[in-house]
Amino acid sequence: MTTNDLTPTPGQTIGPFFGYFNAAENVHLPFENGQHLVPASDERAIQLTGTVYDGAGDPIPDAMLEIWQADENGNIPTQDGSLIRDPFVFTGWGRATTDNVGTYRFTTVEPGPTEDGKAPFIHVVVFARGLLNKLHTRAYIPDTEGLENDPTIAALGDRAETVIAKRDGKRLILDIHIQGDNETVFFQFPGMTYPKP
Amino acid sequence: MPEQNTARLDPQATTDPQETIDAEIAQIQTDYRASVEADASKEETQPRLNYPPYRSSLLRHPTKDLHHTDPETIELHSPAFGHRDVHILESDLTIQHNGEPIGERIKVRGKVIDGNGRPVRNQLIEIWQANAAGRYIHKRDQHPAPIDPNFSGVGRAITGEDGSYEFTTIKPAPYPWKNHHNAWRPAHIHFSLFGTDFTQRMITQMYFPGDPLFSLDPIYQGITDQKARDRLVATYDHSVTSHEWNTGYTFDIVLTGSQRTWMEDEDHDH
Ligand SMILES: [Fe+2]
């Protein structure tokens, strides 16, 4: 590779061996409280949860998800401490692995709109064994003002519901279907390529 | 029990011989080369998500078109990491235990830049890998090769002002997996990277030059273009090798371009 080659480096699958975290051991990528952006005892705390499915409708037990979001006032976190958190500072980023039945769980706050009238969402990136590159999606917060007028949501038509979380008390639920009839909408931002024959 | 487990965890595992996989890879290569020859704009720089020789990709790739969109405000920023998060010694994977790990001690050094050539500074870079026998510390790794009590195979670093990083580790060995009969992965180190925009987030694998398993591996070959595949192969660099201590490799990483409107002062604030 030459240093003046600015073509992006290709991605590869995360594979199956990206680590785990338990009381006795921490073999990262997962890390202590990685899925808890705020403690569950925080009065603002909500849970973002769901199950990740493959094209046969089977849960994927070896996926890793990360979220990145604004705080409850729509402010974008800029302070470090994303891995080793100060519980009084919201750093906006979390990492969770799916469990044996494909379920992920984050404890976080409900983001506010980053600009007036914008639809607030939590950005989600998905990695998994068998998935040769990352996939980006969003978990939109339901019943917000911005959602009704959001051009991205409007452009998605019927498929918009795959990226709008469902509210159940203090839970926001968003299942992710990598493939199939209910396939989640994944976003492709400028500069990214996903080649197909 | 282990057998039951692996079957469940890898439902796409097949007993296909290597020759079947080779023939599928060769056909995709032939078709790809023909398509680029006919139309240079068909050149591919990233892996295909649907790459049938990698059996696990069959049910784990989207079949609908991805939705093209511009990033919104939050997506033009990234989480912040600093020396609060990562200790300087976490970049040396050979000193995490009481003794020296077994294997060839290596340094891997490089730079992380974005697609506009800007260094990605003060960002988290994580690696994980098998040991010198091809074994991971992982409950799902059933390969009957020894665990090294002095090697966990995980490291972290924060990039420098010029986007640079350096890890000291042990050269990993190839290891078998269940994609097909007698399937072996080329030796590799997994890399996880952040940019200045969260849309630049990426995970990849770094390989070693001249690995004889390259042509047989459906994960590496999932990138159909040779030039693109070469971007994942580190370069042996004698200037990174040090006297009577380690051999050395360089591996530079380019993220996609930042979509943020960079202010003069942001660009030159150091
Ligand atoms: Fe691996």
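Residues numbered from 1 in each chain as written. Chains lettered and ligands numbered in written order. Predicted model: local features only at pLDDT ≥ 70, side-chain atom pairs only at ≥ 80, totals over all residues. Heavy atoms only, no water.

Caption draft 1: Structural view of the UniProt feature "domain: Intradiol ring-cleavage dioxygenases" (unreviewed entry) in chain B. Per the UniProt record, "domain: Intradiol ring-cleavage dioxygenases" (unreviewed entry) is annotated on residues 108-136 of chain B. As annotated, residues 108-136 of chain B comprises 0% helix and 41% strand, and the C-alpha atoms at either end are separated by 19 Å. (UniProt positions renumbered as here; feature names shortened; annotations may be inferred. Helix = DSSP H or I, 4+ residues; strand = E, 2+ residues; numbered from the N terminus.)

Caption draft 2: Broad picture of the coordination of the iron ion. Residue and element names in this part refer to chain B. At this site the iron ion is bound by Tyr 136 (OH), Tyr 175 (OH), His 188 (NE2) and His 190 (NE2), with donor distances of 2.0 to 2.2 Å. For the iron ion, the four donor atoms in the first shell make angles of 90 to 157° at the metal, a pattern classed as irregular. In the primary sequence, the donor residues of the iron ion line up as Y-x38-Y-x12-H-x1-H. Within this pair, whereas Tyr 175 is found in strand 6 (residues 175-177), its partner His 190 is found in strand 8 (residues 188-193), the two being separated by 15 residues in sequence. In this structure, Tyr 175 and His 190 share a single accessibility class: buried. (Donors = N, O, S within 2.8 Å, 3.2 Å for Na, K, Ca; no water. Tetrahedral: all angles 85-135°; square planar, octahedral: opposite > 155°, others 65-115°. Buried < 20%, exposed > 50% of the residue type's maximum accessible area, 1.4 Å probe, protein only.)

Caption draft 3: Highlighting helix 2 (residues 18-38) of chain B. The end-to-end C-alpha distance of helix 2 of chain B, which contains 21 residues, comes to 30 Å, matching closely the 30 Å that a straight helix rising 1.5 Å per residue would cover. Buried-residue contacts for helix 2 of chain B involve helix 3 (226-230) of chain B. (Expected span 1.5 Å × (residues − 1). Contact = heavy atoms within 4.5 Å.)

Caption draft 4: How the structure looks around the packing of aromatic side chains. By the definition in use, this model includes 22 aromatic pairs over all chains. Each ring, one from Tyr165(B) and one from Phe167(B), has its centre 5.8 Å from the other, and the planes form 50°; the classification is tilted. Here Tyr165(B) and Phe167(B) have matching classes, each one buried. Aromatic pair Phe208(B) and Tyr249(B): ring centres 5.1 Å apart, planes at 85°, arrangement edge-to-face. Of this pair, Phe208(B) sits in the loop between strand 9 (202-207) and helix 3 while Tyr249(B) sits in strand 11 (residues 247-250), and the two are 41 residues apart along the sequence. Taken as a pair, Phe208(B) and Tyr249(B) share a single burial class, namely buried. Cluster of aromatic residues (ring-pair linked, three or more members): Phe31(A), Trp68(A), Trp93(A), Phe81(B), Phe194(B) and Phe198(B). (Phe/Tyr/Trp six-rings, centres within 6.5 Å; stacked < 30°, edge-to-face > 60°.)

Caption draft 5: Geometry of the interface of chain A and chain B. Taken residue by residue, the interface counts 85 residues in chain A and 86 residues in chain B. Across the chain A/chain B interface, buried area totals approximately 8,000 Å², and carbon plus sulfur atoms make up 58% of it. Glu72(B) is the partner of Lys118(A) in a salt bridge, and the nearest nitrogen-oxygen pair spans 3.9 Å. Residue assignment for the side of chain A that touches chain B shows that the elements contributing at least two residues are strand 4 (63-68), strand 5 (93-97), strand 7 (121-128), strand 8 (135-140), helix 2 (151-156) and strand 12 (187-188) of chain A. For the side of chain A that touches chain B, the element with the most residues is strand 7 of chain A, which contributes five residues. (Buried area = accessible area lost by both parts, 1.4 Å probe. Salt bridge = Lys/Arg side-chain N within 4 Å of Asp/Glu carboxyl O.)

Caption draft 6: Geometry of unusual backbone geometry. Phi is positive for Asp143(A), which is not a glycine, with a value near 55°. Here Asp143(A) shows up in the loop between strand 8 and helix 1 (145-148). Given a relative accessible area of 69%, Asp143(A) falls into the exposed group. Within the chain, Asn182(B) stands out as a residue other than glycine whose phi angle is a positive 60°. In this fold, Asn182(B) is placed in the loop between strand 6 and strand 7 (183-185).

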